[in-house]
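One-letter residues, chain by chain:
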Amino acid sequence: MLEKEIADYLVKSGNKSLNVKAFLFDMDGVLFNSMPFHAVSWCRAAKEFGLEISERQAYMNEGRTGAGTINELAMQQWGREATQKEIEDIYKRKAEIFVSCGTAEPMKGAVNLLNSIKKSGLKIVLVTGSGQKSLLDKLNHSFPGIFATENMVTAFDVKYGKPNPEPYLMGLKKAGVLPTEAVVVENAPLGVRAGVAAGIFTIAVNTGPLPDECLLKEGANVIFPSMEFFAEHWDDVRNIIKCE
Ligand code: MG
């Protein structure tokens, strides 16, 4: 497992070795099983403001900031960018509906995986496009001792957001490591694109309804079927990625 994928990554990136010191984790669909709620909230909130988005489109757009998604819909359907007020109103409504959906549970396997990675002495950084306060506040409760505030990149820190490499480049900076010293863990096509564009070995965990092809097309270096699978195979992964 992974030997071939790492060899391919090194050839493609022109680097000599992978020497992993940090893991950069996306949040929605990786740490929390929150994507079904996000998809429904996007559909309902957009509709209230005269915009349309299908659940599949919501999954395809995952990773963008709220403003990014709203602007994309406005450009497609209104032929113009959304105003600041429209962005605020739609995103506020989307966040309200999201909260009313109930509590998004931690993804099965995520706690074990994060604890194992921490035990291995590796840095863990959160890199999310989310500005959903209810979930960001829940991180410490669900994953105690894992995410320090200084090791988080959220919607509030970035200018462009995913699929731009910016958030992952900021994550590298926060971890104080090079692209070849990190691994990205993502579930969304645009998140994978961002990780790959930042030059980082990117593991896609396909926890949603999209076919693997959507993640491979964006350059995912390997696909795992679930976070549980990842957690169960952590020892193998650690041995292969040469963690110091
Ligand atoms: Mg995600």
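Only a predicted model underlies this, so the values are computations on that prediction, with no experimental measurement involved.

1. Things to note about the pattern of salt bridges
Applying the stated criterion to the full structure yields 12 salt bridges. We note a salt bridge from E96 to R93, for which the minimum N-O separation is 2.9 Å. Residue E96 and its partner R93 are located together in helix 5 (residues 84-100), separated by 3 residues, close to a single helical turn. Judged by relative accessible area, R93 falls into the partly exposed class, the value being 25%. Where salt bridges share partners, they join E48, K92, R93 and E96 into one cluster.

2. Details of the coordination of the magnesium ion
Around the magnesium ion, the protein contributes the donor atoms D26 (OD), D28 (O), E62 (OE) and N187 (OD1), which lie 2.0 to 2.2 Å from the metal centre. One chain supplies every donor to the magnesium ion, and in sequence these donors are spaced D-x1-D-x33-E-x124-N. In this pair, D26 is assigned in the loop between strand 1 (22-25) and helix 2 (35-48) and E62 in the loop between helix 3 (55-61) and helix 4 (66-78), connecting sequence segments 36 residues apart.

3. A short note on the pairing of strand 5 (residues 201-205)
Among the 5 residues of strand 5, 5 are classified as buried, and the element is accordingly described as predominantly covered. Here strand 5 shows no split at all, with F201, I203 and V205 on one side and T202 and A204 on the other all buried. Here strand 4 (residues 182-186) pairs with strand 5 via 4 bridges, running parallel. The partner of V183 across the bridge, within strand 5, is F201. In the classification by handedness, the crossover that spans strand 4, the intervening helix 9 (residues 189-197) and the parallel strand 5 is right-handed.

4. Observations concerning the pairing of strand 2 (residues 123-127)
Of all 5 residues in strand 2, 4 are buried; the element is thus mostly enclosed. When strand 1 meets strand 2, the two strands line up parallel, connected through 4 bridges. In the sheet register, F23 faces strand 2, and the bridge partner there is I124. Alignment of strand 2 against strand 3 (residues 152-153), held across 2 bridges, turns out to be parallel. Within strand 3, the residue paired with V127 across the bridge is V153. Taken together, strand 2, helix 7 (residues 133-142) and strand 3 constitute a β-α-β crossover, and its handedness is right-handed.

5. Regarding the packing of aromatic side chains
Applying the stated criterion across every chain, the model contains 9 aromatic pairs. Ring geometry for F23 against W234: centres 5.6 Å apart, planes inclined by 70°, an arrangement best described as edge-to-face. Within this pair, whereas F23 is found in strand 1, its partner W234 is found in helix 12 (residues 234-240), the two being separated by 211 residues in sequence. Take F23 and W234: they sit in the same class, and that class is buried. Site record: aromatic cluster; members linked through ring pairs are F23, F25 and W234.

6. Concerning empty space enclosed by the protein
Per the stated rule, a full pass over the model turns up 2 cavities of 30 Å³ or more. Its volume calculated, the largest cavity comes out at about 230 Å³. If you go around the largest cavity, you meet 21 residues; those closest to its centre are D28, W42, E62, G63 and R64. Of all elements in the fold, only helix 2, helix 3, helix 4 and helix 5 reach the threshold of two or more residues within the lining of the largest cavity. Among the elements that line the lining of the largest cavity, the one with the most residues is helix 2, at 3 residues. Taken together, the residues that form the lining of the largest cavity break down as 5 nonpolar, 10 polar and 6 charged. Looking at which domains feed residues into the lining of the largest cavity, each of domain 1 (3-34 + 105-240) and domain 2 (35-100) gives three or more.

Conventions adopted
- Residues numbered from 1 in each chain as written.
- Predicted model: local features only at pLDDT ≥ 70, side-chain atom pairs only at ≥ 80, totals over all residues.
- Heavy atoms only, no water.
- Salt bridge = Lys/Arg side-chain N within 4 Å of Asp/Glu carboxyl O.
- Helix = DSSP H or I, 4+ residues; strand = E, 2+ residues; numbered from the N terminus.
- Buried < 20%, exposed > 50% of the residue type's maximum accessible area, 1.4 Å probe, protein only.
- Donors = N, O, S within 2.8 Å, 3.2 Å for Na, K, Ca; no water.
- Pairing = 2+ DSSP bridges.
- Right-handed = clockwise from strand over helix to strand, strands pointing away.
- Phe/Tyr/Trp six-rings, centres within 6.5 Å; stacked < 30°, edge-to-face > 60°.
- 1 Å grid on protein atoms, 1.4 Å probe; cavity = no way out; pocket = protein on both sides within 12 Å on 5 of 7 lines; lining within 4 Å.
- Points joined across faces, edges and corners; volume = space filled by probe spheres on them.
- Nonpolar A, V, L, I, M, F, W, Y, C, P; charged D, E, K, R; others polar.
- Domains from an automatic or database assignment.

Spatial relationships are all this shows, so hold off on functional conclusions.
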